[in-house]
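A structural walkthrough
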Amino acid sequence: MAQQMGNQPLIVLSEESQRTSGKDAQSMNITAGKAVAESVRTTLGPKGMDKMLVSDTGDVVVTNDGVTILDEMDIEHPAANMMVEVAQTQEDEVGDGTTTSVVIGGELLTKAEDLLDQDIHATVLAQGYRQASEKAKEILEDMAIEVDADDTDILESIAETAMTGKGAESAKDTLAELLVNAVQSVADEEGIDTDNVDVETVVGGSIEESELVEGVIVDKERVHENMPYSVEDANVALLDTAIEVKETELDTEVNVSDPDQLQEFLDQEEQQLQEMVDKLADAGADVVFCQKGIDDMAQHYLAQEGILAVRRAKKSDIKALSRSTGARIVSNIDDITADDLGFAGSVSQKEIAGDERIFVEDVEDAKAVTLVLRGGTEHVVDEVERAVEDALGVVAVTLEDGKVVPGGGAPEAELALGLRDYADSVGGREQLAVEAFADAIDVIPRTLAENAGLDPIDSLVDLRSQHDGGDTTVGLDAYTGDIIDMEDNGVVEPLRVKTQAVESATEAAVMILRIDDVIAAGDLKGGAGDDDEDEGGPGAGGPGGMGGGMGGMGGMGGMGGAM
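If you're wondering where the values come from, they're calculated on a predicted model, not measured in any experiment.

The rules behind the values
- Residues numbered from 1 in each chain as written.
- Predicted model: local features only at pLDDT ≥ 70, side-chain atom pairs only at ≥ 80, totals over all residues.
- Heavy atoms only, no water.
- Phe/Tyr/Trp six-rings, centres within 6.5 Å; stacked < 30°, edge-to-face > 60°.
- Helix = DSSP H or I, 4+ residues; strand = E, 2+ residues; numbered from the N terminus.
- Buried < 20%, exposed > 50% of the residue type's maximum accessible area, 1.4 Å probe, protein only.
- Lys NZ or Arg CZ within 6 Å of the ring centre and 35° of its normal.
- Domains from an automatic or database assignment.
- Contact = heavy atoms within 4.5 Å.
- Buried area = accessible area lost by both parts, 1.4 Å probe.
- Salt bridge = Lys/Arg side-chain N within 4 Å of Asp/Glu carboxyl O.
- Polar contact = N/O pair within 3.5 Å; in protein donor to acceptor, adjacent residues only side chain to side chain.
- Core = buried A, V, L, I, M, F, W, Y, C linked by side-chain atoms within 4.5 Å.

**Regarding the packing of aromatic side chains**
Between two aromatic rings, the relevant description is the distance of the centres plus the angle of the planes. Applying the stated criterion across every chain yields a total of one aromatic pair. Ring centres of tyrosine 129 and phenylalanine 437 lie 5.7 Å apart, and the angle between their planes is 70°; on these two criteria the pair is classed as edge-to-face. On the criterion of sequence distance, the pair formed by tyrosine 129 in helix 5 (residues 122–143) and phenylalanine 437 in helix 13 (residues 430–441) is long-range, its members being 308 residues apart. Taking the relative accessible area as the measure of exposure, tyrosine 129 reaches 0% and is therefore buried. Sitting above the plane of the tyrosine 229 ring, arginine 222 keeps its charged end 3.8 Å from the centroid.

**Some details on the domain arrangement of the protein**
When cut into domains, the protein gives domain 1 (18–146 + 406–517), domain 2 (152–212 + 383–401) and domain 3 (215–247 + 262–365). For domain 2 and domain 3, the distance between their C-alpha centres works out to 31 Å. Listed per partner, the contact involves seven residues of domain 2 and five residues of domain 3. Taking both sides of the interface into account, the surface hidden between domain 2 and domain 3 amounts to around 550 Å²; carbon and sulfur atoms contribute 41%. The interface formed by domain 2 and domain 3 holds one salt bridge in total. The residue arginine 357 makes a salt bridge to glutamate 200 at a minimum N-O spacing of 2.7 Å. Our count for the contact surface shared by domain 2 and domain 3 stands at one residue pair in polar contact (both at pLDDT 80 or more). When residues in the side of domain 2 that touches domain 3 are grouped by element, the largest group, four residues, is from strand 7 (residues 197–203).

**Observations concerning unusual backbone geometry**
Of note in the backbone geometry, aspartate 119 takes a positive phi value of approximately 65° without being a glycine. Here aspartate 119 is to be found in the loop between helix 4 (98–117) and helix 5. Owing to a relative accessible area of 59%, aspartate 119 belongs among the exposed residues under this scheme. Phi angles above zero are rare outside glycine, and arginine 312 is one such case at about 50°. Within the secondary structure, arginine 312 sits in the loop between strand 12 (308–310) and helix 10 (315–325). When its relative accessible area of 48% is taken as the criterion, arginine 312 is described as partly exposed.

**Considerations on the nonpolar core**
In this structure, Leu70, Val102, Leu108, Leu125, Tyr129, Phe437 and Leu513 are the most contacted members of the largest nonpolar core, which totals 67 residues. If one sorts the elements of this core by residue count, helix 5 sits on top with nine residues. What leucine 70 contacts, discounting residues up to four positions off in sequence, is Val36, Ser39, Val40, Ile75, Val84, Ala87 and Val102. In this structure, Ile145, Ala162, Met163 and Ala182 belong to the second largest nonpolar core, which totals 39 residues.

**Focus: the side chain of serine 348**
Within the element layout of this structure, serine 348 appears in strand 14 (residues 342–352). Aside from chain neighbours lying at most four places away, what touches serine 348 is Tyr229, Ser230, Arg357, Ile358 and Phe359.

So, in structure tokens, the structure goes:
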């Protein structure tokens, strides 16, 4: 970046920084965005394939979940990272549809590239895309189907649709039923917090053996062997303070001249612990969960009282226990009363796949529940857990919004039709952008067909003609290749999955398109310039450093090819 000034060029940027501007910058960013979309495209739909990702440390993740793939892929390019953010937003907002949102974003960039080549300005494109995105939301709202919170069949269909094509597919009926029960039990006036559904994974057994525990499973054992293994009709106390002798705040020194005095000290410490345990027993506690430590002596006294105690329980477990048993979390043992205790029909220590855990079950109105997922190997269980968390998200979103749309490419076909009609009413060059948006949305049914091994052109043409004839709920059956009614076949997704995907994909695409200058300070790969300086003194980092930097940038532009 040199400006001629007299005969002396004026350097504004530092030597190591590099700048790409104009068309080059645009095409570099678009290529990066497309590369990200391309990398997850094959995972879309019921016939989507999985990816195996190996990290630097050798950890292996096998997954079909778009956001997990993009998080695990170590993406450096700044524009590519914007596409990853689209998937992360989708995951946080809805839980499912991460691949859809990224694929739409990538396709919007592809279509934009053609229009940019025809000399249509990026801001005109951005304007057209935004108008199309607003219209798309209206069309989706119009085709949404209302759902009642008690309609378990539709909710189960939604959970099954979210799990199709992922590792959990083989047992999706069983899991869908468990999921819907779980979400319905944690729903309260404030809405649904899926954090109250704790998902525990156990390696061993088959996916069908997964179960829902109406209560909490604490991954701890009782602290003393003489404590009971199980307590029926238990009064539960929750402590976030230690059952230990209180240390003085100040550093104190005591000189003892007589062994009896030392014995008195020890007796008094034991006395303190005995009093703490008595307080718990007097309040009527049968089970004690302590967030901090329990002294060895106190463990012995608790065992004598026949109280089952657990120490160093996680804060999240204590919270969940409080929600499910109705117990109050007590910070000072002196203050505990019978009112602070919660109730559980059964608290017992059981073994799951070789681990001992404490089950707190038979709670009157379980506002916190635990899903125990099983699977043959660790990777299977991990993938089932990801599928289940997506499904939990979509069931919760459906209960909150009460609206669903058919799946299988039906809403996308409807959008493409509606937007093409709408494009004619848009004046100016924006019309071309709206048409490009409609074409881009077609990527979803097209990819579904491709991944299912069908002819994408035939499938898309059939789908369009049926939608044009007024069948708004028909979509592509990936197993048979037929165009069938998705609503009747139980393939439904929450409305928010689609609206959020279109919204965040549009915003990311518009943001990437509006960039016409990339100025990178130093070398993006981690400083080729720095090495040169170390080797040859301060002066050597000039052109070498810059060349290294540009090479780094070129490597990133070439990312699309590598992927």
